[in-house]
Amino acid sequence: MKKLSDYREIVGDKVISGIYRKARGIYGKRVLNINSTYMGGGVAEILNSLAPLLNDVGVDAGWRIIRGTEDLFNITKKFHNALQGDPINLTDIKKELYIQTNEDFSQYTHINHDCVIIHDPQPLPLISFYKKRQPWVWRCHIDLSRPNEELWDFFKGFILRYDMVIISNEKYKKKDLPIEQRIIAPVIDPLTPKNLDLSDKDISKDLKKFGVPTDKPFITQISRFDKWKDPLGVVEIFKLVKEEVDCRLVLCGSMASDDPEGIQIYEKVKEKAKSYTNNGDIILITSENNVLVNALQRRSAVVIQKSTKEGFGLTVTEALWKETPVIASNVGGIPLQIKNENNGFLFEPQDIEGFAKKAIEILNNPDLSKELGKRAKEYVRKKFLITRILSDYLDLISDMTGC
Ligand code: UDP
């Protein structure tokens, strides 16, 4: 079972005792988290660690998943894209199915908690189907800086009922939302199989098991096959890198159950990789395996994150924690984590050549980024570990329940 005390060596006793102290005022408070998937993507990743730790320090924290059909997730994926700025054909059918799913779920999901935390858009309308007896918080992990106006207005109808909105970045604050908006940046858990230390021997063994050859250096992007993560752009970068250095590209993207577009994007990437003459050097992986992700992030010569939009980018945090050089887009939550040339490298997403040149430089001289890797790890230790979000949630629950 996950325990806060397991993190003593990583964050130090002062941080740990600070958290126990914060929990004292809210023992036994019943808090319910609701999102739409238990695996795949950053939200599930955080809740997997956060929910047990909240319980360990004395909060009664629950976690439920709203059941959705394929149709619903098709619609909510369109909503997700439109919140990040895409156009959308917002028909009544889409709205009705979305609202109906929430109403159905509310019928057999009894809520008698002291505080409810709703994650992302899928369960957002739930609030309309309960007699409100407690504070409700909407925690949005998406980049909200330029949402589609029509959809935003539809969403506001629900959001206005909430007591607080949590976002990942100052830049996502909405001026037209007369509700308290609090910034809580996402985090990683250093004690999960995805982030635990691995020996060189184990890394080699794990990579072999999943068919990743280690005879040449490789660069990696680990991300859902999603257009905002731009895997096709990563293949472009790789082509330029490969002209200078013999290496491989690994694109690893599990399929999240609430992300129906994954397979289409995956097929496109596969086609593009095929058109490339040395296509054996591009390795596509869709299996969901945390140890594999860990091994890839540790052994990669370079980790790329070429997103064109990125709510936060936990894959960046994970690679920084592992002291692997990261070259990433200067978008969304990524610049909160990477200080250019200090603990990683930032380029504008369209600057394929910039990405490629930097990757070539590192591949040719891996020692160059050793110091940078150390700084990256310390930065994550200070700002983006699970203990920090645990502390932020304790503050949130205290504020919401008036303790
Ligand atoms: N992830 C994974 N396997 C994959 C792709 C992604 O385990 O094949 C994990 C990744 O390690 C990270 C999370 O899914 O923990 C993705 O979070 P991020 O914030 O980067 O992006 P999101 O998917 O939430 O947009």
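Just above sits the structure.
Computed from a predicted structure; not experimentally measured.

Draft legend 1. Looking closely at the sheet that holds strand S9 (residues 282-285). Read from one edge to the other, the open sheet built from six strands follows the order S9-S8-S7-S10-S11-S12, with strand pairing classed as parallel. Since the sheet does not close on itself, it has two edges, and those belong to S9 and strand S12 (345-347), each with one partner. The sheet shows a mean angle of 20° between the axes of neighbouring strands, taken without regard to direction. One ladder, built from four bridges, connects strand S8 (residues 248-252) with S9; its direction is parallel. Residue pairing across strands places valine 250 opposite isoleucine 283, the latter belonging to S9.

Draft legend 2. View of the site of the ligand. Close to the ligand lie 18 residues; Lys194, Arg224, Lys229, Ser254 and Glu318 are nearest. In the environment of the ligand, an oxygen atom lies 2.8 Å from a nitrogen or oxygen atom belonging to the side chain of lysine 194. Taking glutamate 318, its side chain carries an N or O atom lying 2.5 Å from an oxygen atom of the ligand. Coverage of the ligand by the protein chains reaches 91% of its 540 Å² of free accessible surface. Of all the elements in the fold, those that place two or more residues in the shell around the ligand are helix H3 (42-56), helix H10 (290-299) and helix H11 (314-321). Take the shell around the ligand: its biggest share by element is three residues, from H11.

Draft legend 3. A look at empty space enclosed by the protein. Tallied over the full model, the rule gives four cavities of 30 Å³ or more. Lining the largest cavity are 48 residues, with Gly41, Gly42, Val43, Arg224 and Lys229 positioned closest to its centre. The set of elements that each furnish at least two residues to the lining of the largest cavity consists of H3, helix H4 (70-83), H10 and H11. The biggest single contributor to the lining of the largest cavity is H3, with four residues. When the residues that make up the lining of the largest cavity are grouped by side-chain class, the tally is twelve nonpolar, 22 polar and 14 charged. Counted as a void, the second largest cavity has a volume near 60 Å³. Glu45, Ile46, Ser49, Val187, Ile188, Asp189, Thr192, Asn195, Glu318 and Ile386 are the residues that line the second largest cavity. For the lining of the second largest cavity, the element with the highest residue contribution is H3, accounting for three residues. Here the residues of the lining of the second largest cavity sort into four nonpolar, three polar and three charged.

Draft legend 4. Molecular detail of the sheet that holds strand S1 (residues 30-35). Strand order in the open sheet formed by six strands is S2-S1-S3-S4-S5-S6, with parallel pairing between adjacent strands. The outermost strands of the open sheet, each flanked by one partner alone, are strand S2 (60-65) and strand S6 (181-183). The average angle at which neighbouring strand axes cross in this sheet is 20°, direction not considered. Note that strand S3 (residues 115-119) and strand S4 (residues 136-139) share four bridges and pair parallel. Bridge pairing in S4 places histidine 119 opposite arginine 139. Taken strand by strand, H3 contacts S1, S2 and S3, and its axis lies near 150° from that of S2.

Reading the values: rules and limits
- Residues numbered from 1 in each chain as written.
- Predicted model: local features only at pLDDT ≥ 70, side-chain atom pairs only at ≥ 80, totals over all residues.
- Heavy atoms only, no water.
- Pairing = 2+ DSSP bridges.
- Helix = DSSP H or I, 4+ residues; strand = E, 2+ residues; numbered from the N terminus.
- Axes fitted to C-alpha atoms, helices over the stretch in contact; angles between N-to-C directions.
- Near = heavy atom within 4 Å.
- Polar contact = N/O pair within 3.5 Å; in protein donor to acceptor, adjacent residues only side chain to side chain.
- Areas by Shrake-Rupley, 256 points an atom, 1.4 Å probe, with all protein chains shown as cover.
- 1 Å grid on protein atoms, 1.4 Å probe; cavity = no way out; pocket = protein on both sides within 12 Å on 5 of 7 lines; lining within 4 Å.
- Points joined across faces, edges and corners; volume = space filled by probe spheres on them.
- Nonpolar A, V, L, I, M, F, W, Y, C, P; charged D, E, K, R; others polar.
- Contact = heavy atoms within 4.5 Å.

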